[in-house]
Amino acid sequence: NPVRDLNQNLDSLPFPDRELIYKKDKFFSNLSIKRFMASKGCPYNCSYCFNKSYNSMYAGKGKIVRYRSVDNVIAEINDVRSKYPLRVVKFVDDTLIIDKKWLKEFCEKYKKRVGLPFVCNIRADLTTSETVKQLKDANCKVVYIGIESGSEKTRKEILKKYISNEQILNVCKMLRKNKI
């Protein structure tokens, strides 16, 4: 069977039904860190990742990277906060910072309407000093950067991840300077 087109309107999807887990397992419902996704898809073709196959499978079926609206993401977070303990928001998107316009709006609104500390995944080659300042101002406390190998040659030739050691070190310096 052929795959269908990718849903381009992620706001049309309902929020995940967390009660399925939280009613049955008090351990998960009482955890103060909860996971959220603001986007789907990754445009990169790193050799070790499923996204390379996923992107090939869905080629021509719509934009691979799709974001929910900022208001929709914030509504979900506040809905979860109204029902369960929530002290830290963890975004599990492959890379939260791909769309700079979306990120700017997100950081501004998140700070005002949620304000909780949050954690996210970033890529060193997409991170600028402006990005770091926006994340810090919105109350980002931790970022994860996939380095995969300390060898730039291995990253480039085997893993097909074209990020230099210099980019990684520069981003780490920016993050440290901003206490993230």
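Predicted model only: the values in this text are computed from it and were never measured.

### Here we look at the pattern of salt bridges
It is possible for side chains bearing opposite charge to pair when their charged atoms get close. Tallied over the full model, the rule gives 10 salt bridges. Salt-bridge contacts for Glu76 lead to Arg68; the nearest nitrogen and oxygen are separated by 2.6 Å. Overall, Arg68 belongs to the buried group, its relative accessible area being 10%. Lys109 is paired through a salt bridge with Glu105; the nearest N and O atoms lie 2.9 Å apart. With Lys109 and Glu105 both in helix α5 (residues 100-113), this residue pair falls 4 residues apart, about one helical turn.

### Some points on the state of the cysteines
A full pass over the atoms with the stated rule returns 0 disulfides. Cysteine Cys42 is unpaired, with the sulfur of Cys49 as its nearest cysteine sulfur at 6.3 Å. Free cysteine Cys46: the closest other cysteine sulfur is in Cys49, separated by 6.4 Å.

### Some remarks on helix α6 (residues 129-137)
Here α6 has its buried residues at Thr131, Val132, Gln134 and Leu135. One side of α6 carries all its buried residues, which in axial view fall inside an arc of 160°. The inward-facing, buried residues of α6 contact α5, β5 (118-122), β6 (140-145) and α8 (165-177). Immediately beyond the C-terminal end of α6, within one or two residues, lies Asn139, with a positive phi of roughly 90°.

### A look at the sheet that holds strand β1 (residues 33-36)
Ordered in space as β1-β4-β5-β6, the 4 strands form an open sheet in which the pairing is parallel. Both outer strands of the open sheet, β1 and β6, are each paired with one neighbouring strand and no more. Ignoring which end each strand starts from, the neighbouring axes of this sheet average 25° apart. Taken together, the 2 bridges between strand β4 (residues 88-91) and β5 define a ladder with parallel strand orientation. Bridge pairing in β5 links Val89 to Phe118. The strands touched by helix α4 (residues 70-83) are β1 and β4; relative to β1, the strand with the most contacts, the crossing angle is about 150°.

### Description of α5
The end-to-end C-alpha distance of α5, which contains 14 residues, comes to 20 Å, matching closely the 20 Å that a straight helix rising 1.5 Å per residue would cover. Where α5 is concerned, the buried positions are Trp102, Leu103, Phe106, Cys107 and Tyr110. Within α5, the buried residues cover an arc of 130° as seen down the axis, which keeps them to one side. Those residues of α5 that are exposed and angled more than 90 degrees off the buried face are Lys101 and Lys112. Its buried side turned inward, α5 meets β3 (66-67), α4, β4, β5 and α6. The backbone nitrogen of Lys101 has a side-chain oxygen 3.1 Å away, supplied by the residue at the start of α5, namely Asp99. A positive backbone phi angle near 80° is found at Gly115, which sits one or two residues after α5.

Reading the values: the criteria
Residues numbered from 1 in each chain as written. Predicted model: local features only at pLDDT ≥ 70, side-chain atom pairs only at ≥ 80, totals over all residues. Heavy atoms only, no water. Salt bridge = Lys/Arg side-chain N within 4 Å of Asp/Glu carboxyl O. Buried < 20%, exposed > 50% of the residue type's maximum accessible area, 1.4 Å probe, protein only. Helix = DSSP H or I, 4+ residues; strand = E, 2+ residues; numbered from the N terminus. Disulfide = S-S within 2.5 Å. Arc of directions from axis to C-beta. Contact = heavy atoms within 4.5 Å. Pairing = 2+ DSSP bridges. Axes fitted to C-alpha atoms, helices over the stretch in contact; angles between N-to-C directions. Expected span 1.5 Å × (residues − 1). Polar contact = N/O pair within 3.5 Å; in protein donor to acceptor, adjacent residues only side chain to side chain.

So yeah, pure geometry; function would need other evidence.
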